[in-house]
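Structure assessment
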Amino acid sequence: MKVSLFEYELPGELIAQEPRPRGSSRLLVLDRATGEISHRRFSDLPELLVPGDLLVRNDVRVRPVRLYGRDAEERLVEIFLLRNEDAESLRWRVLARPGRRAKKGRRIRFAEGLAGDIREVHEAGTREIIFDRPLDDALLERIGHTPLPPYIRRDAGAPDRPDDRAAYQTLFAREPLAVAAPTAGLHFTAEILERVRARGAVIADLTLAIGAGTFKPVTVDDTEKHDLPPEEVTIPAPTLAAVAAARDEKRRVVAVGTTVARSLEAAVRLPESLDFSQDLRFSTDLFIIPGFQFHAVDILLTNFHLPRSTLLMLVCAFAGRESVMAAYREAIRMRYLLYSFGDAMLIVGAPPGR
């Protein structure tokens, strides 16, 4: 499938730059059976659910994985931590910017006397860095910065602000495993979640450790040439049982975000039968594009995504490319704000052809 099918024009002023009070965003509701669009507020979400709906969230927590250091010539170097590769938290796979300041053999110095040596530069542009002492969670919390997406601009020399750390985190974040937020969950307040429960809906959690690959730009012309790096998923036994019961009882499963949709759809495709007495842990590189048949998800709550992105492709697979692109055009016409701190979309109804 041609990647150009997922292009659209977006005025720069509609890229949300500031977090807003949770629950205050707009909500575009798209019926995937008819293509009908309506405009609501996110605070209306509980009233759009019905008793018995199962709302599944990603409870992953974003780590402050962006570090700023200096090379031997006192030039600024940004190191973006991708994953820890040893038990001592010394060896990490990272991205570096600018790459010419993080060549093999270079030493980078960070806050609190931490230093790291670039040991390897890989073909994919990633690097291996060895720190001179463990980069544990406590140290990372002190010297790390919130990994805001590059389209969110902050003042020069200030990659993030103190309030960004809370704003770029869901209220139900628990497992510190992600390098990016599951942004559909950012809209929820405690009051909205309580109204969801009062509506008779059930809430369950899973964890997909969002990596940088989820947001990797698609630079090829055809989707068949793009690969997603694998990401780790944990679905607790109670969530597995809740999803299975919802499917058996013909109740709707509501995925809060594309990460939840990918996790559930990947889980139902695993070859082994599921043991609901144990948590399910697996890796997935599932790449969902139009033509994909959804077996686990009935409703999708999501933000608006970048052109040509794998996230937009997933949404188009769920609701039909023409309907989704028409909804994006309508959102832009109505001056919705897009991307991580932007407004939301709720996709309801039976899929086309069902």
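Everything below is about the structure shown above.
These lines cover the structure that appears in this document, whether it is placed above or below. (Residues numbered from 1 in each chain as written. Predicted model: local features only at pLDDT ≥ 70, side-chain atom pairs only at ≥ 80, totals over all residues. Heavy atoms only, no water.)

Notes on the overall build of the chain
Threshold: Numbering goes from the N terminus for both helices and strands, where a helix is a DSSP run of H or I of at least four residues and a strand is a run of E of at least two. We take the radius of gyration over the C-alpha atoms and set the globule estimate at 2.2 Å times the residue count to the 0.38 power. Exposure classes here rest on a 1.4 Å probe applied to the protein chains alone. A residue is buried below 20% of its type maximum, exposed above 50%, and partly exposed in between. Contact definition: two residues touch when any of their heavy atoms are within 4.5 Å. Each accessible area value is a Shrake-Rupley result obtained with a 1.4 Å probe; residue values ignore everything except the protein chains displayed when judging cover.
What the chain contains, in helices and strands, is eight helices and 17 strands. The C-alpha atoms of the chain give a radius of gyration of 21 Å, which matches the 20 Å a tight globule of 354 residues would have. C-alpha extents for the chain along the principal axes are approximately 60 × 50 × 40 Å. The buried share among the 354 residues of the chain stands at 54%. Within the chain, residue pairs in contact and separated by at least 24 positions form 71% of the contacts whose partners lie at least 6 positions apart. Entry remark: accessible area of the chain is about 16,000 Å², with carbon and sulfur atoms responsible for 51%.

Thoughts on the sheet that holds strand β17 (residues 344-348)
Put simply, the test is: We treat two strands as partners when DSSP finds at least two bridges between them. Here an axis means a line fitted to C-alpha atoms, over the contact stretch when the element is a helix, while the angle between two N-to-C directions is reported on a 0 to 180 degree scale.
Taken together, nine strands build an open sheet; the order of strands is β2-β1-β17-β16-β14-β3-β12-β13-β15 and the sheet is mixed. Two strands in the sheet have a free side with no partner beyond their single neighbour: β2 (37-41) and β15 (280-284). Across the sheet, the mean angle from the axis of one strand to that of its neighbour is 25 degrees, orientation sign disregarded. Sheet topology note: the strand β12 (residues 202-208)/strand β13 (residues 231-235) ladder contains two bridges and is antiparallel. The residue of β13 that forms the bridge with Thr207 is Thr234. The strands touched by helix α8 (residues 321-333) within the sheet are β1 (26-31), β2, β16 (299-303) and β17, with β1 carrying the most contacts at an inclination of about 150 degrees.

Comments concerning the pairing of strand β5 (residues 66-70)
For a regular strand, side chains alternate in direction, first toward one face of the sheet and then toward the other. Note that β5 and strand β6 (residues 76-84) share five bridges and pair antiparallel. For Arg70, the partnering residue across the bridge sits in β6 and is Leu76. Between the end of β5 and the start of β6, which pair antiparallel, lie five residues, with Glu74 showing a positive phi angle near 65 degrees.

Regarding the environment of Ser263
Examined against the element boundaries, Ser263 turns out to sit in helix α6 (residues 258-267). Taking the C-alpha atoms as reference points, Ser263 and Asn58, 205 residues apart in sequence, are found 9.3 Å from one another. Contact partners of Ser263, with chain neighbours within four places excluded, come to Leu206, Leu208, Val233, Ile235 and Phe282.

Considering the nonpolar core
Defined as follows: Among the buried residues, those of types Ala, Val, Leu, Ile, Met, Phe, Trp, Tyr and Cys that are joined through side-chain atoms within 4.5 Å form a nonpolar core.
Membership of the largest hydrophobic core comes to 72 residues, with the highest contact counts inside it found for Tyr8, Ile235 and Leu264. At eight residues, the largest contribution of residues to this core is made by helix α7 (residues 310-319). Excluding its chain neighbours within four sequence positions, the residues that come into contact with Ile235 are Leu206, Leu240, Ser263, Leu264, Ala267, Asp279, Leu280 and Phe282.

As for the packing of α7 against α8
The following threshold applies: Orientation labels follow simple angle bins: below 35 degrees gives roughly parallel, above 145 gives roughly antiparallel, 65 to 115 gives roughly perpendicular, and whatever is left gives oblique. Side-chain classes follow a simple rule in which Ala, Val, Leu, Ile, Met, Phe, Trp, Tyr, Cys and Pro form the nonpolar group, Asp, Glu, Lys and Arg form the charged group, and the remainder, Gly included, forms the polar group.
Packing of α7 against α8 brings their axes to within 7 Å, and their N-to-C directions diverge by 120 degrees. It follows from the interaxial angle that α7 and α8 lie oblique. Residues Leu312, Val315, Cys316 and Ala319 of α7 form the contact with α8, whose participating residues are Arg321, Ser323, Val324, Met325 and Tyr328. Along the lines of polarity and charge, the residues of the contact of α7 with α8 split into seven nonpolar, one polar and one charged.

Points about the packing of aromatic side chains
Convention followed: The pairing test for Phe, Tyr and Trp rings, Trp by its six-membered ring, is centres within 6.5 Å, and the orientation test on the planes gives stacked under 30 degrees, edge-to-face over 60, and tilted for anything in between.
Within the structure shown, the criterion is met by 10 aromatic pairs. Taking 5.1 Å as the distance between ring centres and 90 degrees as the angle between the ring planes, the aromatic pair formed by Phe42 and Phe188 counts as edge-to-face. Linking Phe42 in the loop between β2 and α1 (45-48) with Phe188 in the loop between β11 (175-178) and α4 (190-198), this pair joins segments that are 146 residues apart in sequence. With respect to class, Phe42 is no different from Phe188; both count as buried. Grouped by ring-pair contacts, the aromatic residues Tyr8, Phe304, Tyr328 and Tyr336 constitute a single cluster.

Structural notes on the environment of Val56
With respect to the secondary-structure elements, Val56 resides in strand β3 (residues 54-58). It is 9.0 Å that separates the C-alpha atoms of Val56 and Ala261, two residues lying 205 residues apart in sequence. In this structure Val56 touches Ala204, Leu206, Thr239, Val243, Val253, Val254, Ala255, Val256, Val260 and Leu264, once residues within four positions along its chain are discounted.

Remarks on the pattern of salt bridges
In plain terms, the rule: Whenever a carboxyl oxygen of Asp or Glu lies within 4 Å of a side-chain nitrogen of Lys or Arg, that contact is scored as a salt bridge.
Applying the stated criterion to the full structure yields 34 salt bridges. Salt-bridge contacts for Arg93 lead to Glu85; the nearest nitrogen and oxygen are separated by 3.7 Å. The same class applies to Arg93 and to Glu85, which are both buried. In this structure, Arg262 and Glu231 form a salt bridge, with 2.6 Å as the shortest nitrogen-oxygen distance. Note that Arg262 is positioned in helix α6 and Glu231 in strand β13, a separation of 31 residues in sequence. In this structure, Arg262 and Glu231 share a single accessibility class: buried.

Some thoughts on the packing of α6 against α7
For the record, the criterion: Handedness of a helix crossing follows the sense of rotation of the near helix relative to the far helix, less than a right angle counterclockwise being left-handed and clockwise being right-handed.
The N-to-C vectors of α6 and α7 enclose an angle of 65 degrees; their axes lie 10 Å apart at closest approach. As the angle between them shows, α6 and α7 are arranged roughly perpendicular. Here α6 runs over α7; the crossing is left-handed. Side by side, α6 and α7 meet where Thr258, Ala261 and Arg262 of the first sit next to Leu311, Leu314 and Val315 of the second. The class makeup of the residues in the contact of α6 with α7 is four nonpolar, one polar and one charged.

Describing the side chain of Thr284
The test is simple: Polar contacts, as counted here, are pairs of nitrogen or oxygen atoms within 3.5 Å of one another; within protein the pair requires one atom able to donate a hydrogen and one able to accept it, and residues that are adjacent in sequence qualify only if both atoms are side-chain atoms.
Turning to its location among the elements, Thr284 is positioned in strand β15. Polar side-chain contacts of Thr284 include one of 3.1 Å to the backbone nitrogen of Leu286. Once residues within four sequence positions are removed from consideration, Thr284 is found in contact with Leu208, Pro229, Pro230, Glu231, Val233, Arg262 and Ala266.

Purely geometric numbers; function is a separate question.
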